[in-house]
Amino acid sequence: IEERVDRTIYKAENDKTTAGGDGTDVLRRVPMLSVDLDGNVSMRGSSNITVLIDGRPSAIAASSITDALKQIPADEIKEVEVITSPSAKYDAEGTSGVINIITKKNNLQGMSANIRTGAGLRGSDFGLNASARKGKFGFTLGGFGRAGYNIKGNFENQQVVTNPDNTTSTVIQSADTKSNNLFGRYNFGVDYEIDKYNFLTGAVNFGIRNRNSSQNDFLTQNFLDGNLVRNALRETDTKDNSNSIDVSLNYTKTFEKKGKDISLLTLYSRNNGENSFVNTLFEEDLATINSRLKNDNPSKNEEFTVQLDFVEPLGKEGKSILEYGAKNILRKAYSDFAYFEAEGADGAYVEDPNPNLSNAFSYDQNVTAGYVSYTATLFKNYTVKPGLRYEYTTISADFKTETTPTEIPSYGTLVPSLNLSRSLSNGNMIKASYNRRISRPSLRFLNPNIESSNPLQISQGNPELDPEFTDNYELGYSTFFKSTMVSFSGFFRNTTGSIQAVRTVAEDGVIYTGYDNIGYERAYGTNIFTNISISNKLSLNGSVDAYYANLGNELSSDTNSGFVISGRLFGNYSLPNDWQIQAFTFARGRQVQLQGTSGGFYMYGMGINKQFNEKRGTIGFGADNFLTKEFKMRNEIVTPTIVQNSTNIMRNMNFKINFSYRIGKLSVDQKPRRKKSISNDDLKEGGSEGGGAEMQQNK
C-alpha cells in the first residue's frame, strides 16, 4: 500500500490471494472501501463515488460498476487508487471519492461475456454483459434487470399537537405496507483508436425504474384531550415509474510527452417520470368507499454537458502537473401536477382537476465552470496540491398559472481546495486537506407539487431554494505493520445555508412541511480503517465512523446535537476445493436531525460459494438477516408545538441462490487506450417522498 497527497494506492499485483478472481475480489481488500455480498461498492460508508479504469470512465463501466468489476480479471489489475479528497478538477459538489483501477498495460483486449442470475424470497435478478476488443475497436453490450417482490412491512405514527387554547390534539395512524419494483439498465459502447494519439469513445444507456407501493388498512384516529372524536380508514396506492437515456461521445488527444493530454467530452441525458397516487377514503363503517383522490405528476428532465480538460506535466521529469479546463451543464426540468376527485368506488374522476392543487412548473438551470489544479513535490518528502474552481449558475423558473416568471437570482461560487502530505519512514504518511463544496437542490426539493398521500402530513417543495455550502477539513495518518494496515483520520465539516424542513400546524391538525435555507450543520468526526490479511485463506477489513453533529436554525433558537456512529466488517475465508465463505455486516446508530432524530438500523449477510471450471463459474447460497424476522426504525420529530413518534417496520429476511459464469477472458496488449467521460454530480438529493420529478445524477 502506498500513500500520496490525495490518494491511497493498493498494489494489487503484489497480492496473490486474489488469483483467479475478478475486480470485485480485489476491491474487497482495498483500504477505505466496502463491498457487500452483491458487489455494491462504498467508500467510508458512501456509495456516491466515481469508478475509473486507467484514469478514465470507459464504456466498460458505463452502465454498472458492479458488472464492470466482474468482467475484469484480478490478474490484470496492477493497482487501485482511492482518492478521498477530490481536487478542483472535479465538480464542486462532485463525488465523495474516486476509485481508479489501473490495469497492468493500460488496455483490455480480447472477448469476455458474463452471465449471472439470482433468485430469492424478496427479489430476483438477471444480467448479461459482453465486451470485445480487437485492434482499434472495442465494444461492450449488456443489460441487467432486477425485480423486488414480497417486500412487506408496516408503520405506526403518533403525533401530539398543543393547540393555542392549551388543549391537546393527538393523532394515531397505522397501516400495513407492501411494495414491488422493477429496475433495468441496458448499454452499448464503442471505443475507437483513430491513430496513435487520437481516440474516440461513445456510449448509449437505457434505463427503467418502476416501483408500486400500497398502504392497506390505513387507520387514522383523532383524539382531543384523550377523547376519541373521529375514525378514518384509507387505502393508498402509489406509482413511481421512470425511463431514461444517456448518450455520450468523447474525444481524447495524447502527445509524445508522457501524461500530457487534451479531452473533449459531451453528454446528453433525458429522464421521463410518472409519479402518482390514489387515496381511497372509506365511510364510517370502514367498509364502504366514500371517495377517491388521485394525484398525477408527469415530469421530464434533460441535461446537455460539454467539458474540455487539459493535463500538462511540467519540468524535465514531469513530477509537477498542471491541470485546467472548463465545463458547462444545461438542465431543463418540467413538472405537471394535478388532483382529480371521484365519488364512491365506481364513480368517474372529474374531467377538470382541482385548480387549487394543479399547476405546471418548468425549471432551467445553467452551470458554467472553470478550474485549475497544480501538483508539486517540495523537499522530497512534502507534496502540495492546490486548486481553484469557479462555477456560475443561472436559473429561471416559471409556473403556468402565473403571468410572470419566478425571479431567482444568478450566483457565482469560488471553490478552493488544498491537499498536503508528508512522507514518513516505513511508508507511513500524514495528510491534511481542505475543500469547499456546493450542494444545489434537486427537483425533489424544488418541485411545488403538493404531496398529500397522507392527508395529515402534507409536503411541498420550494422553487426558490438556494444551494448549500460546505467547508471540509481533514487530517489523516496511516501506518503499516506486518500484514496489517491501519488508517486514522479526523475531520470537521461546516455547512451553511443548509436546506431544512419547515413544519407548521394548521387549525385542523394537518402538519405542512416545506423547505428553506435556514439551517447550519457542523460535524466533528473520525474514521478508523483496518485491513488484515491473517493468512492466504483469511482476510478481514472493517471501519468505524463516528462524528458529533451540531445542527441549528439560523432564524430561531432551535438546535439539536448528538453522536452518530456507524461501522462495517467484511470477512472472507477460503476452503479447500475452491469453496469460499463470506460474511458482511453494517450498522448505523440513530442520526441527529434539526427537529428530532432518525432511527438507526443494521443489516448482515452470509454466503458460501463454489467455484468451478478453472474459476470461470460460481454457484452459491446466501442468506440476509436470517436471524431477524423484522427490523424496526424509530423516528422522532420535536418542535415547540409538535411531538411526533413514528415506527417503520421492515421484513427483509432473505434467502437466495446465485449463479455466474464467465466466457472468454479480457487480456491486455501494449497499446494504451485513452478514455474519458463526463460525471455530473452536483445536486443535493433526498427530501419528501413522492415529490415527483427528480434531476438525475449522471455517474
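What counts and what doesn't
In every chain, residue numbers begin from 1 and rise along the written sequence. It should be noted that, the model being predicted, local features are given only for residues of pLDDT at least 70 and side-chain atom pairs only at 80 or more, the latter also being counted only at that level, while totals for whole chains, interfaces and linings use all residues. Side-chain measures here rest on the full set of heavy atoms in the structure, leaving out hydrogens and waters. Note on conventions: DSSP H or I runs of at least 4 residues are helices, E runs of at least 2 residues are strands, and numbering of each starts at the N terminus. In this scheme, a residue with accessible area under 20% of its type's maximum is buried, one over 50% is exposed, and one in between is partly exposed, where area comes from a 1.4 Å probe on protein chains only. By definition in these notes, contact holds between two residues if any of their heavy atoms fall within 4.5 Å. A 1.4 Å probe and the Shrake-Rupley method give the accessible areas. Residues count as covered only by the protein chains that appear here. Here the term patch refers to residues with relative accessible area over 30% and no salt bridge, with like charges joined within 9 Å and nonpolar side chains (Val, Leu, Ile, Met, Phe, Trp, Tyr) within 5 Å. For this analysis, a salt bridge means a side-chain nitrogen from Lys or Arg found within 4 Å of a carboxyl oxygen belonging to Asp or Glu. pLDDT expresses how confident the predictor is about each individual residue, on a scale running from 0 to 100.

1. Digging into the overall build of the protein
Counting its secondary structure elements, the protein contains three helices and 35 strands. Each of the 699 residues in the protein was classed as buried or not, and the buried ones make up 50%. Residue pairs in contact within the protein that sit at least 24 positions apart in sequence constitute 66% of those at least 6 positions apart. With an accessible surface of roughly 31,500 Å², the protein has 55% of that area assigned to carbon and sulfur atoms.

2. So, unusual backbone geometry
The phi angle at D225 is positive, at roughly 50°, despite the residue not being glycine. The residue D225 is located in the loop between β12 (198–224) and β13 (227–254) in this model. Although it is not a glycine, F379 sits at a positive phi angle of roughly 50°.

3. Some words on the environment of R437
Along the polypeptide, R437 turns up in strand β20 (residues 429–441). R437 gets classed as buried once you look at its relative accessible area, which sits at 8%. Sequence separation between R437 and D471 is 34 residues; the distance between their C-alpha atoms is 6.4 Å.

4. So, a nonpolar patch on the surface
A surface patch of nonpolar side chains, amounting to about 980 Å² of accessible area, comprises L424, I430, L475, Y477, F488, Y524, I528, V544, Y548, F563 and I565. Of all the secondary structure elements, the ones that give two or more residues to the nonpolar patch are β22 (468–481), β24 (511–533), β25 (538–553) and β26 (559–575). By the element assignment, L424 lies in the loop between β19 (411–423) and β20. For L424, a relative accessible area of 31% corresponds to the partly exposed category.

5. Topic: the confidence of the model for the protein
Averaged over all residues, the pLDDT of the protein is 81; the fraction at 70 or higher stands at 86%. Looking across the protein, the model is least confident in strand β35 (residues 683–684), with a mean pLDDT of 54, and most confident in β19, with 91. Ignoring residues within four places in sequence, the model shows residues 669–674, a span with pLDDT below 50, making 23 contacts including any to other chains. Per-residue pLDDT stays below 50 along residues 686–699; that stretch engages in 56 contacts with residues further than four places along the chain or on separate chains.

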